[in-house]
Amino acid sequence: MIPLWEKDVPLFDPQNGFVPYLEPYILENGKQNSCIIVFPGGGYTHRASHEAEPVAKWLNSIGISAFVLHYRVSPYKHPVPLFDAKRAVRLVRYNAKKWNIDPKKIGVLGFSAGGHLASTVGTLFDQGDKKSNDPVERVSCRPDCMILCYPVISMAEFTHDGSKKALLGDSPDPVLVWTLSSQNMVTERTPPTFLWHTSDDSSVRVENSLLFAMALKKHNVPFELHIFPHGRHGLGLAKDTPHIEAWTKLCEMWLESIGFIEKAL
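Calculation criteria
Residues numbered from 1 in each chain as written. Predicted model: local features only at pLDDT ≥ 70, side-chain atom pairs only at ≥ 80, totals over all residues. Heavy atoms only, no water. Helix = DSSP H or I, 4+ residues; strand = E, 2+ residues; numbered from the N terminus. Rg over C-alpha atoms; globule rule 2.2 N^0.38 Å. Buried < 20%, exposed > 50% of the residue type's maximum accessible area, 1.4 Å probe, protein only. Contact = heavy atoms within 4.5 Å. Areas by Shrake-Rupley, 256 points an atom, 1.4 Å probe, with all protein chains shown as cover. Lys, Arg positive; Asp, Glu negative; His and termini not counted. Charge placed at Lys NZ, Arg CZ, Asp CG, Glu CD. Core = buried A, V, L, I, M, F, W, Y, C linked by side-chain atoms within 4.5 Å. Pairing = 2+ DSSP bridges. Right-handed = clockwise from strand over helix to strand, strands pointing away. Axes fitted to C-alpha atoms, helices over the stretch in contact; angles between N-to-C directions. Left-handed = near helix turned anticlockwise from the far one by under 90°. Nonpolar A, V, L, I, M, F, W, Y, C, P; charged D, E, K, R; others polar.

Colleague: Help me out: how do you make sense of the overall build of the chain in this one?
Modeller: The helix and strand tally for the chain stands at seven helices and eight strands. The C-alpha atoms of the chain give 17 Å as radius of gyration, which agrees with the globular expectation for 265 residues (18 Å, within 12%). C-alpha atoms of the chain, sized along the principal axes, occupy 55 × 45 × 35 Å. For the chain, the proportion of its 265 residues judged to be buried stands at 55%. Counting contacts in the chain only where the partners sit at least 6 residues apart, residues at least 24 apart contribute 76% of the total. Put simply, the chain shows about 11800 Å² of open surface, and 54% of that area lies on carbon and sulfur atoms. For the chain, the distance from the average position of its 28 positive side-chain charges to the average position of its 28 negative side-chain charges is 6 Å.

Spelled out as structure tokens, the structure:
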């Protein structure tokens, strides 16, 4: 367990008591590895365990170091989860040498509401505060790629009401709704992105992934999008759904194509 902050956690609620942390799955192969930080879903009310450790172990199996981010959820509201996510990217990049990680190959992978969190890091990143007394805060939090699995993207049309309420409350500021609808914040600096969804997802509508893909296309950001015809929400690695389980192999090939995995000889 690696705490995101050693002390003075921003916006910490002592009554809640939860301290955000990274759970490491670092490869020890004597090489400088790519790394992906996993954001489990859970509607911003909890963090789904089947979208955590099993995913990190899958990443390890394809030659990528991983961390699971245990970020703060409801009753915490925005911007707390985003603070945690940005800090996670900074912390991994700051410690890249110590953990045998390539600081230019740090990605994020999120499911459902965790996909929304990943998409906000990828669209609302900053280059760090060079004047900060905390050396970690001086480091960029821009991820080098994003993997978004049945993600919540919009906080307006097509949103997931439970995630929106948990993150923004009952009567959110319209400007915040716009800003946290990640398709609105895509620019040419948004990282390359892999997305997948099922067309009949009854919890988080497929339009979320389609909106994000269209925004990426508009700004000439490389992306790969897979829409499977049938499948319930929250499948994770989809081990029990063979035609959707293929997403992991497709994603592996995509990661190879962008240089996150060494091509097999």
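Colleague: What exactly am I supposed to notice about the nonpolar core here?
Modeller: Across soluble globular proteins, you tend to see nonpolar side chains buried next to one another. Core analysis: the largest hydrophobic core is formed by 50 residues, its most contacted members being L22, I37, F39, F67, L69 and V92. Elements with a minimum of two residues in this core: β3 (33-39), β4 (65-70), α2 (80-94), β5 (101-111), α3 (113-123), β6 (145-149), α4 (161-168) and α6 (207-218). In terms of residue count, α2 provides more of this core than any other element does, six residues in total. One finds W58, L109, C145 and L237 within the second-largest nonpolar core, a separate group that totals 31 residues.

Colleague: Help me out: how do you make sense of the pairing of β5 in this one?
Modeller: Consecutive residues of a regular strand have side chains that alternate between opposite faces of the sheet. With eight of eleven residues buried, β5 is to be regarded as a mostly interior element. Of the strand pairs in this sheet, β3 and β5 are connected by six bridges, and their pairing is parallel. Residue V38 lies in a different strand from β5, and its bridge partner there is L109. With five bridges connecting them, β5 and β6 associate as parallel partners. Residue F111 lies in a different strand from β6, and its bridge partner there is C149. On the question of chirality, the crossover connecting β5 to the parallel β6 by way of α3 is right-handed.

Colleague: I keep staring at the packing of α2 against α3 and nothing clicks. Help me out?
Modeller: Describing two packed helices takes the angle between their axes plus the distance from one axis to the other. Remark: α2 packs on α3, axes separated minimally by 10 Å, with the N-to-C direction vectors making an angle of 65 degrees. Seen from above, α2 lies across α3 with right-handed handedness. Residue-level contacts link P81, L82, A85, K86 and V89 of α2 to L117, T120 and V121 of α3. The residue inventory of the contact of α2 with α3, partitioned by class, reads six nonpolar, one polar and one charged.

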